[in-house]
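# An overview of the molecular structure
Each chain, letter by letter, is given below.
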Amino acid sequence: MLVSPASWQGRRVLVTGHTGFKGGWLSLWLNQLGADVTGFSLPAPTEPSLFEQARLGELVRHVEGDVRDQAAVDAVIRDTRPEMVFHLAAQPLVRYSYDAPVETFGTNVMGTVHVLEACRKVDSVKGIVCVTSDKCYENREWLWPYREADPMGGHDPYSASKGAAELVISAYRRSYFGTGARVASVRAGNVIGGGDWATDRLLPDIIRSLLAGQSPQIRNPDSIRPWQHVLEALSGYLMIGERLLAGHDASACAWNFGPSDDDTQPVSWIVDQMLAAWPERIGWEYPEGVQPHEAVLLKLDSSKARTELGWRPRFRLKEALQKIIEWHIAVAAGEDARMVSLRQLSAYEKSGETLVNEARAA
């Protein structure tokens, strides 16, 4: 269940969406592993952003561009000749997708088409990991967690675009990547962590309110989501990438990376934990007005990743929330965001080593 530095040392890796929250953490980790990282993305989507705070432009080759532009995608893949591509560029917000469905489908569906189309023209590419979402599934709001073979779907434009992207990935895998590059898709739960400044997302909204000394507005306190720290998901992505680089055909498929069932908690529990960990005593409030539809219940079955990869979460949810509080308090107090991030990354890697040693001893 450990990421192998030897697999990444000197590897040419392209990360789309590296200016985003998850792409920023992945780029930082790959740099630490010794990879030669190029990032392709629009400018950082928020102010502040992890990309700017951690000065990631000093660590990766930054190429500004839009995945909706086929010529730009072709050029960056042709020029950098990556061995591995992590495709994270996306319109990632459910509520925004209601206001911008064309942008959402264009980025999430055609952007994926453009990346896969460009990759099949360059023989250097050995593996492609396409990041979609747990919301790609046709959510029936039932108690059972979704497995990789369950139907794709989506009530809102965002969810539907991620389900459609999965169909694109499957079609390209079967039509064009029977030989050469291997293609996997990865589906994670609600990924959380320090440096996420997205709008209309629960944890960033809470952090902004707490930093401002205000009560956060909580839309759906009873909704249940598969919350997990960003490093949990990224460790799974990197493990899949290593197997694709090694020519492991069986790994070229869809994978779920979600938390343990007993760490799937309602929004109200998350809010209470965050407020309890904050130094100042602050409550939360309901917003006024009608809210657009968002899923109430969603769980992932990650048994395939646990069985076939040995992957499993290292942080309990309460610990993950504490990491977020620690990150933001440290950075707000003037600590260097990159150093804070690297410290948390190091702690995560050491926790994996401890779990492996305990398993061997047992």
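Read on for a plain summary of the structure. Just so it is clear, the structure is predicted and the values come from calculations on it, not from any experiment.

This next bit is on the overall build of the protein chain. For the protein chain, the count of helices and strands is 13 helices and eleven strands. Relative to a compact globule of 362 residues, whose C-alpha radius of gyration would be 21 Å, the protein chain shows 19 Å and is just as compact. The buried share among the 362 residues of the protein chain stands at 57%. Restricting the contact set of the protein chain to residue pairs at least 6 apart, pairs at least 24 apart contribute 81%. When the accessible surface of the protein chain is totalled, it reaches about 14,900 Å², and 51% of it is carbon and sulfur. The distance from the centre of the 38 positive side-chain charges to the centre of the 45 negative ones in the protein chain is 6 Å.

A few words now on the pattern of salt bridges. Charged atoms that come close allow side chains of opposite charge to pair. Counted under the stated rule, the structure contains 19 salt bridges. Among the ionic pairs, Glu58 bridges to Arg338, the shortest N-O distance being 2.8 Å. You can see Glu58 sitting in the loop between α3 (50-53) and β3 (61-64) and its partner Arg338 sitting in helix α13 (residues 337-361), a full 280 residues away along the chain. Classification of Glu58 by relative accessible area gives exposed; the value is 56%. When its relative accessible area of 10% is taken as the criterion, Arg338 is described as buried. Put simply, Arg55, Glu58, Asp336 and Arg338 are held in one network by salt bridges that share partners.

Here we take up the pairing of strand β5 (residues 127-131). Along β5, five of the five residues are buried, which leaves the element largely enclosed by surrounding structure. Sheet topology places strand β4 (residues 84-87) next to β5; four bridges connect them, and they run parallel. What sits directly across from Phe86, in β5, is Val129. Pairing of β5 with strand β6 (residues 182-188) involves five bridges; the strand directions are parallel. When the bridges of β6 are listed, Val131 appears paired with Val186. Read from β5 through helix α7 (residues 157-176) to β6, the crossover connection turns out right-handed.

In the contact formed by helix α8 (residues 202-211) and helix α10 (residues 267-277), the axes pass within 11 Å of each other and the chain directions differ by 30°. Every pair of crossing elements has a handedness; the one defined by α8 and α10 is right-handed. Between α8 and α10, the contacting residues are Leu202, Leu203, Ile206, Ile207 and Leu210 on the first element and Val267, Ile270, Val271, Met274 and Leu275 on the second. Considered class by class, the residues forming the contact of α8 with α10 number ten nonpolar, no polar and no charged.

This part takes up the state of the cysteines. All chains considered together, the criterion is met by zero disulfides. Just so you know, Cys130 is unpaired, no disulfide at all, and the nearest cysteine sulfur is the one on Cys119, 7.7 Å from it. Here Cys253 stays free of any disulfide, with the sulfur of Cys130 as its closest cysteine sulfur at 13 Å.

To continue, consider the packing of aromatic side chains. Enumeration according to the criterion identifies seven aromatic pairs in this entry. Centroid distance Tyr172 to Tyr176: 5.0 Å. Interplanar angle 50°. Geometry classified as tilted. Within this pair, Tyr172 and its partner Tyr176 are both found in helix α7, separated by four residues, close to a single helical turn. With a relative accessible area of 12%, Tyr172 lands in the buried category. For the pair Phe257 and Trp311, a centre-to-centre distance of 5.1 Å together with 80° between the ring planes defines the contact as edge-to-face. With Phe257 in strand β10 (residues 254-257) and Trp311 in the loop between α11 (303-309) and α12 (317-332), the pair connects residues that are 54 residues apart, well separated along the chain. Residue class for Phe257 comes out buried when judged on its relative accessible area of 0%. Looking at Trp311, the relative accessible area reads 1%, which means it is buried. The structure contains a cluster of three or more aromatic residues connected by ring pairs, namely Trp29, Phe315 and Tyr348. The residue whose ring lies beneath Arg120 is Tyr176, and the NZ or CZ to ring-centre distance is 4.0 Å. Here Lys304 stacks its cationic end above the ring of Trp255, 4.4 Å away from the centre of that ring.

In a packed pair of helices, the relevant descriptors are the angle between the two axes and the axis-to-axis distance. Two elements in contact, α10 and α12, have axes whose closest approach is 10 Å; the angle formed by their N-to-C orientations is 50°. Here α10 lies oblique to α12, going by the angle between them. For the element pair α10 and α12, the recorded crossing hand is right-handed. Contacts between α10 and α12 involve Trp269, Ile270, Gln273, Met274 and Ala277 on the former and, on the latter, Leu317, Lys318, Leu321, Gln322, Ile324 and Ile325. Of the residues assigned to the contact of α10 with α12, the class counts are eight nonpolar, two polar and one charged.

Read from one edge of the open sheet, seven strands run β3-β2-β1-β4-β5-β6-β10, paired in parallel fashion. Edge strands, defined here as strands with exactly one partner in the open sheet, are β3 and β10. Here the strands of the sheet are splayed against their neighbours by 20° on average, with no regard to which way each runs. Both β6 and β10 contribute to a ladder of four bridges, which runs parallel. Note that in β10 the partner of Ser185 across the bridge is Ala254. The sheet contacts of helix α2 (residues 21-32) involve β1 (12-16), β2 (36-41), β4, β5 and β6, and relative to β1 the element is tilted by about 170°.

The rules behind each value
Residues numbered from 1 in each chain as written. Predicted model: local features only at pLDDT ≥ 70, side-chain atom pairs only at ≥ 80, totals over all residues. Heavy atoms only, no water. Helix = DSSP H or I, 4+ residues; strand = E, 2+ residues; numbered from the N terminus. Rg over C-alpha atoms; globule rule 2.2 N^0.38 Å. Buried < 20%, exposed > 50% of the residue type's maximum accessible area, 1.4 Å probe, protein only. Contact = heavy atoms within 4.5 Å. Areas by Shrake-Rupley, 256 points an atom, 1.4 Å probe, with all protein chains shown as cover. Lys, Arg positive; Asp, Glu negative; His and termini not counted. Charge placed at Lys NZ, Arg CZ, Asp CG, Glu CD. Salt bridge = Lys/Arg side-chain N within 4 Å of Asp/Glu carboxyl O. Pairing = 2+ DSSP bridges. Right-handed = clockwise from strand over helix to strand, strands pointing away. Axes fitted to C-alpha atoms, helices over the stretch in contact; angles between N-to-C directions. Left-handed = near helix turned anticlockwise from the far one by under 90°. Nonpolar A, V, L, I, M, F, W, Y, C, P; charged D, E, K, R; others polar. Disulfide = S-S within 2.5 Å. Phe/Tyr/Trp six-rings, centres within 6.5 Å; stacked < 30°, edge-to-face > 60°. Lys NZ or Arg CZ within 6 Å of the ring centre and 35° of its normal. Parallel < 35°, antiparallel > 145°, perpendicular 65-115°, else oblique.

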